[in-house]
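Observations on the three-dimensional arrangement
One letter stands for each residue in the lines below.
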Amino acid sequence: MKTKIILGLGYGDEGKGLTTDFLCSQSEQPLVIRFSGGHQAGHTVVTGSGERHVFSSFGAGSLRGVPSYWSSFCTLSPINYLNEWLALRALGHTPTLFVDALAPVTTPYDVFFNRHTEKKNQHGSCGLGFGATIARQLTPYKLYAQDLRYPMVVEQKLKAIAQHYRDLGQDYFTDDAFLAQLELFQQAATDITDTFTLVQEKTFFGDIKEHYSDLIFEGSQGILLDMDFGFFPNVTHASTTSRNAFSLINRNRLSMPEIFYITRAYQTRHGNGFLSNEQFPLHYAPNPKETNQYNPWQGHQRCSILDLDMINYALACDGNFSGTTKKHLVVTCLDQLEGPIQASKDGIIQHFASSMDLVENLNISFASVLESWSECGAKMRTHRVAYSPGE
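Counting from 1, residues in each chain are numbered in the order their sequence is written. Selection of residues for local features in this predicted model requires a pLDDT of at least 70, selection of side-chain atom pairs for listing and counting requires 80 or more, and totals for whole chains, interfaces and linings are taken over all residues. The side-chain numbers reported here are obtained from all heavy atoms of the structure, hydrogens and water having been left aside.

**A word on the overall build of the protein**
Secondary structure elements follow DSSP: runs of H or I of four or more residues count as helices, runs of E of two or more count as strands, with numbering from the N terminus. The helix and strand tally for the protein stands at ten helices and 17 strands. A radius of gyration in this sense is built from C-alpha atoms; the matching globule rule multiplies 2.2 Å by the number of residues raised to 0.38. Whereas a compact globule of 391 residues would reach a radius of gyration of roughly 21 Å, the protein reaches 21 Å, a difference of no more than 12%. For the C-alpha atoms alone, the extent of the protein along its principal axes is close to 60 × 50 × 40 Å. Across the 391 residues of the protein, 58% fall into the buried class. Residues are treated as being in contact if the distance between any of their heavy atoms lies within 4.5 Å. Put simply, of all contacts in the protein between residues at least 6 apart along the chain, 76% involve residues at least 24 apart. Between buried and exposed lies partly exposed: a residue is buried under 20% and exposed over 50% of the maximum accessible area for its type, with that area taken using a 1.4 Å probe on protein chains only.

Structure, rendered in structure tokens:
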């Protein structure tokens, strides 16, 4: 059984959905494993026939019928989950999802607290309550996926969570908008329990080798947003390196993985915070169907020329966990560039004829370089490079 990890090298939006879909297409019996972030992710997949979906609560192999495992590192939002499940059913798909019993559940209390604080702090949150959920789970006011099967447990825990946020000075609990969301949450929490299989990690991974040929660990966001390595306070409340994936791999005695690091052919950032090279003109034709559009919490997506120093920094951060694991580089959105790849190194803009030329300026060795010139992952091109294990 092979194991593969997919990671973004930037601030998200690199093409993790596209890469997950591609690797699923190359596998006989894959399983996608979400190991960071949660329902706030937006991983776009476009099939060869033009079918398009943005995955948030399911793995990005679902259009191919690939099952997903939602780990305890990932938040589950019943409202968002139900909306996406219905959208996939409308497309003719019934996704198979295994949800870890200890996956944290996002409530309207978390969402409204997130949006209230984001108006003041402007940290770049997407306003879906992810960070607030993770922070609350560090207190005694926990809510797990397994609790959703027990309505009385949910009712009692919601009362405690409400008091928790009252103690933090929140007073929106009688607003019509909040009450409507709370009603939706309570209904969704009941409706979704029969649409996924609740599992416990130790038991689930104990049987996994009999059913799957490839385990594809689908990361979220990008390493430059990691809560330990990003630029505080504009970070996510998650480990976006391979840390969580290796935790699952090691404690369940899975095979050592290969890692696929992804970057667009230019930088993007959705939300406030540091983004290098914004002072230089970027010559590109943006995708009119870009997933990340304007929203009141993050504003417009920002773009700039690649920064090789930032890519090397991201690779160094993940090196603390990945070690000498075989690595691959994935470069996406090449079709959007108007001219050669531009990237800075030591503050100086350079031009590169191909993605292969970028590799020579990165501080680790790669086994291959994969290029995407299309939204469709099935059309990805692979180039082998000289590989020296241990470098």
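**With respect to helix α6 (residues 176-191)**
Within an α-helix, residues lying three or four positions from one another point in the same direction, as the helix has 3.6 residues per turn. The end-to-end C-alpha distance of α6 is 23 Å, a good match for the 22 Å that 16 residues give at a rise of 1.5 Å each. Every buried residue of α6 is accounted for by F178, L182, F185, A188 and A189. Along the axis of α6, the buried positions cluster into a sector of 130°, meaning they face one direction only. Opposite its buried face, α6 presents the exposed residues D176 and E183, each directed more than 90 degrees away. Take the number of residues in a helix, subtract one, and multiply by 1.5 Å to get its expected span. Note that the arc is defined by the directions from the helix axis to the C-beta atoms.

**Focus: the nonpolar core**
We call a set of buried residues a nonpolar core when its members are Ala, Val, Leu, Ile, Met, Phe, Trp, Tyr or Cys and they connect through side-chain atoms within 4.5 Å of each other. The biggest cluster of nonpolar side chains holds 52 residues, and the ones touching the most others in it are I5 and F217. Among the elements that make up this core, the one with the highest residue count is helix α9 (residues 308-322) (six residues). Residues contacting I5, with those up to four places away along its chain left out, are F35, F217, S242, A245, F246, I249, P257, E258, I259 and F260. In this structure, Y109, A145, I161 and A189 belong to the second largest nonpolar core, which totals 39 residues.

**Concerning the pairing of strand β10 (residues 267-270)**
Both faces of β10 are covered, namely the face carrying Q267 and R269 and the face carrying T268 and H270. Here, a strand pair is defined by DSSP locating no fewer than two bridges between the strands. Here four bridges tie β10 to strand β11 (residues 301-304), and the two strands are oriented antiparallel to one another. Bridged to R269 within β11 is R302.

**Comments concerning the state of the cysteines**
In this description, a disulfide is simply a cysteine sulfur pair whose atoms lie within 2.5 Å. Counted according to the given criterion, the structure contains zero disulfides. Unpaired in terms of disulfides, C333 finds its nearest cysteine sulfur in C303, a separation of 9.2 Å.

**A closer look at the confidence of the model for the protein**
Confidence in the prediction for the protein averages 90 pLDDT; 92% of positions are at 70 or higher. Across residues 387-391, where pLDDT falls below 50, the model places nine contacts with residues more than four positions away in sequence or in other chains. For every residue, the predictor assigns a confidence score, pLDDT, that lies between 0 and 100.

**Side note on helix α2 (residues 78-90)**
Between its terminal C-alpha atoms α2 stretches 18 Å, which fits the 18 Å expected from 13 residues at 1.5 Å a residue. Taken together, the buried residues of α2 touch β4 (52-55), β6 (97-100) and α6. One or two residues past the end of α2 sits G92, with phi positive at roughly 95°.

**Looking at the sheet that holds strand β12 (residues 306-307)**
Sheet architecture is open: three strands sit in the order β12-β14-β15, paired in mixed fashion. Each edge of the sheet is formed by a strand with only one pairing partner; in this case those strands are β12 and β15 (348-352). Judged from the two bridges that link them, β12 and strand β14 (residues 341-345) form a sheet pairing that is parallel. Bridge assignment links D307 to a residue of β14, and that residue is S344.

**Structural notes on the environment of A132**
Among the secondary structure elements, A132 is positioned in helix α4 (residues 130-137). The spacing of A132 and H237 is 105 residues in sequence and 8.5 Å in space, taken between C-alpha atoms. Not counting residues within four places of it along the chain, the set of residues in contact with A132 comprises D110, F113, N114 and Y165.

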